[in-house]
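Tertiary structure, described
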Amino acid sequence: MNDAPEIDELVPPDRTLMGPGPSDVHPRVLRSMATPLVGYLDDYCVEVMNDVQDGLRYLFQTDNEHTFAVSGTGSAAMETAFGNLVEPGETVLVPDNGYFGARMGEIAERAGGEVVTVEAPWGEPLDPADVEAAFDEHSPTVFGFVHGETSTGVRQTSVSDLTGIAHENDAYVVADTVASLGGVEFHTDEWDVDAVYSGSQKCLSAPPGASPITFNERAVEKVRTREEPVRSWYLDFEGVWEYWGEERNYHHTGPISTLYALREALRLVSEEGLEGTWDRHERVAGALKEGVEAMGIGLNVADEHWLPTLNPVRVPDGVDDGEVIDRLIEDHGIEIVGGLGALDGEVFRVGCMGHSARPANVTQFMAAFGSVLADGGADVDPEAGAGAAASALDPK
Ligand SMILES: *Cc1c(COP(=O)(O)O)cnc(C)c1O
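Rules of the game
Residues numbered from 1 in each chain as written. Predicted model: local features only at pLDDT ≥ 70, side-chain atom pairs only at ≥ 80, totals over all residues. Heavy atoms only, no water. UniProt positions renumbered as here; feature names shortened; annotations may be inferred. Helix = DSSP H or I, 4+ residues; strand = E, 2+ residues; numbered from the N terminus. Salt bridge = Lys/Arg side-chain N within 4 Å of Asp/Glu carboxyl O. Buried < 20%, exposed > 50% of the residue type's maximum accessible area, 1.4 Å probe, protein only. Near = heavy atom within 4 Å. Polar contact = N/O pair within 3.5 Å; in protein donor to acceptor, adjacent residues only side chain to side chain. Nonpolar A, V, L, I, M, F, W, Y, C, P; charged D, E, K, R; others polar. Contact = heavy atoms within 4.5 Å. Pairing = 2+ DSSP bridges. Axes fitted to C-alpha atoms, helices over the stretch in contact; angles between N-to-C directions. Parallel < 35°, antiparallel > 145°, perpendicular 65-115°, else oblique. Left-handed = near helix turned anticlockwise from the far one by under 90°.

Here, the residues flagged by UniProt with the feature "domain: Aminotransferase class V" (unreviewed entry) are residues 46-339. What you have in residues 46-339 is 43% helix and 16% strand, and the ends, taken at the C-alpha atoms, are 42 Å apart.

A separate point is the pattern of salt bridges. If the charged atoms of two oppositely charged side chains come close together, the side chains can form a pair. Going through the model one piece at a time under the given rule, you end up with 17 salt bridges. Asp 194 is paired through a salt bridge with Arg 218; the nearest N and O atoms lie 3.0 Å apart. Of the two residues, Asp 194 is situated in the loop between β8 (172-176) and β9 (195-197) and Arg 218 in helix α7 (residues 217-224); the sequence distance between them amounts to 24 residues. The exposure class of Asp 194 is buried, given its relative accessible area of 1%. Two residues, Arg 231 and Glu 228, come together in a salt bridge whose shortest N-O distance is 3.5 Å. A single network of salt bridges, built from pairs that share partners, joins Arg 28, Glu 264, Arg 267 and Glu 271.

This next bit is on the site of the ligand. Residues in close proximity to the ligand total 14 residues, the closest being Thr 73, Ser 75, Thr 150, Asp 176 and Lys 202. At a separation of 2.7 Å, an oxygen atom of the ligand approaches a polar side-chain atom of Thr 73. Of all elements in the fold, only α3 (74-85) and α4 (99-110) reach the threshold of two or more residues within the shell around the ligand. Residue composition of the shell around the ligand, by class: 5 nonpolar, 6 polar and 3 charged.

Within the secondary structure, Thr 188 sits in the loop between β8 and β9. Thr 188 sits in the buried class, given a relative accessible area of 0%. Look past the residues within four positions of Thr 188 in its chain and what remains in contact with it is Phe 60, Gln 61, Thr 62, Asn 64, Val 193, Val 196 and Thr 214.

With that settled, the discussion passes to the sheet that holds strand β3 (residues 91-95). Strand-to-strand pairing in sheets goes through backbone hydrogen bonds, with the strands running parallel or antiparallel. Sheet architecture is open: 7 strands sit in the order β2-β10-β9-β8-β5-β3-β4, paired in mixed fashion. This sheet does not close on itself; its edge strands, each paired only once, are β2 (66-71) and β4 (114-118). Direction aside, the axes of adjacent strands within the sheet are offset by 20 degrees on average. Bridge analysis of β2 against strand β10 (residues 210-215) gives 6 bridges, and the strand direction is antiparallel. Residue Thr 67 lies in a different strand from β10, and its bridge partner there is Thr 214. Where α3 meets the sheet, its contacts fall on β2, β3, β5 (142-146), β8, β9 and β10, and the angle it forms with β10 comes to roughly 30 degrees.

Moving on: the sheet that holds strand β14 (residues 347-351). Read from one edge to the other, the open sheet built from 3 strands follows the order β11-β14-β13, with strand pairing classed as antiparallel. Two strands lie at the open edges of the sheet, namely β11 (310-314) and β13 (337-338), each paired on one side alone. Pairing of β11 with β14 involves 5 bridges; the strand directions are antiparallel. Within β14, the residue paired with Asn 311 across the bridge is Val 350.

Before going further, it helps to examine the packing of helix α10 (residues 274-294) against helix α13 (residues 382-393). At a minimum axis separation of 7 Å, α10 and α13 run at an interaxial angle of 150 degrees. The angle between the axes of α10 and α13 places the two elements in the roughly antiparallel class. Considering the relative orientation of α10 and α13, their crossing is right-handed. Taken together, the residues of α13 that come into contact with α10 (itself represented by Arg 283, Val 284, Ala 287, Glu 290, Gly 291 and Ala 294) are Ala 384, Gly 385, Ala 388, Ala 389, Ala 392 and Leu 393. Of the residues contributing to the contact of α10 with α13, the split by class is 8 nonpolar, 2 polar and 2 charged.

Structure (structure tokens):
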């Protein structure tokens, strides 16, 4: 027999999560996860699932019947959307202006799609004119875009223009809202998006593991008339809908504690109201933005494409970004991350999502960030940053 390992008691360090996710989890959501399990087909569980679906329809701003939570993180929801909508040989158009657009491409390719891209520089959104040109050139049948690109901190505006172009070309539109849903405005039905997915650990103040997704009737019809079965058994829409739809039959065991958590998170959204949560994210992240601007640093994104939930703060001259990130977590317990791809070493990525989008987090972050930068040799006035953030949060 092998020896039993000695495993210490679980005592996670006290962190303030200001990166691109996960975000701080709301205490009520944490408590919900410590409640007893019921069976995955227990009447109580079915009620929990109904509440989750109602809460998600509100969150997505949709009347879509086919709205549920994928068992897995945001990438599992991404794979559910593309894996079901894309049939082998279909042309799929994805953006190349960020990390998650690229992931869409990888997933669509594994689903058998022929992937083509529409270009924009990292740090800028897609231009509808370029999307139109890409449709003319490639005639894709599925088009994916990222509403809040976490790698660059860019918010894709003009969503209805994009869906309009796709629908004129009889294509289906998939939106990634993992880092934006619940944080900034999104209107699934009004903007006519065919499939939208998100995640729980970013703007929803919940842990990762149950990811929102919605399909409109058009999208469901496409999935139901596929010629070839979906390549993933676990993420096959028809199978999953056996559990989430009318039948409530076993497909796989629902992640019960995680569904409790998502339900509580959605309950919080309902209590605050969607406009309330959008306003809070804008106000709290706005204070962060004013703070870094007052230090003479600023964000690597134009104001009209600013994504309050993920702020790409420029790395000041002469500063080692990795050192700043290490000091923040080691000395202050604050997690932020660096840039990816083309923005590696150029930006810090500072999240302001869900329960992390609170005045106390921004105040704590601004004070720590200013002092770490000044210690690291940056020519910045830390007091100016903290002061500007404080007065933005509490205008006199
Ligand atoms: C985090 C993220 C994902 C992936 O979600 P996981 O939960 O990490 O699987 C996809 N898209 C965007 C925009 C994200 O921010």
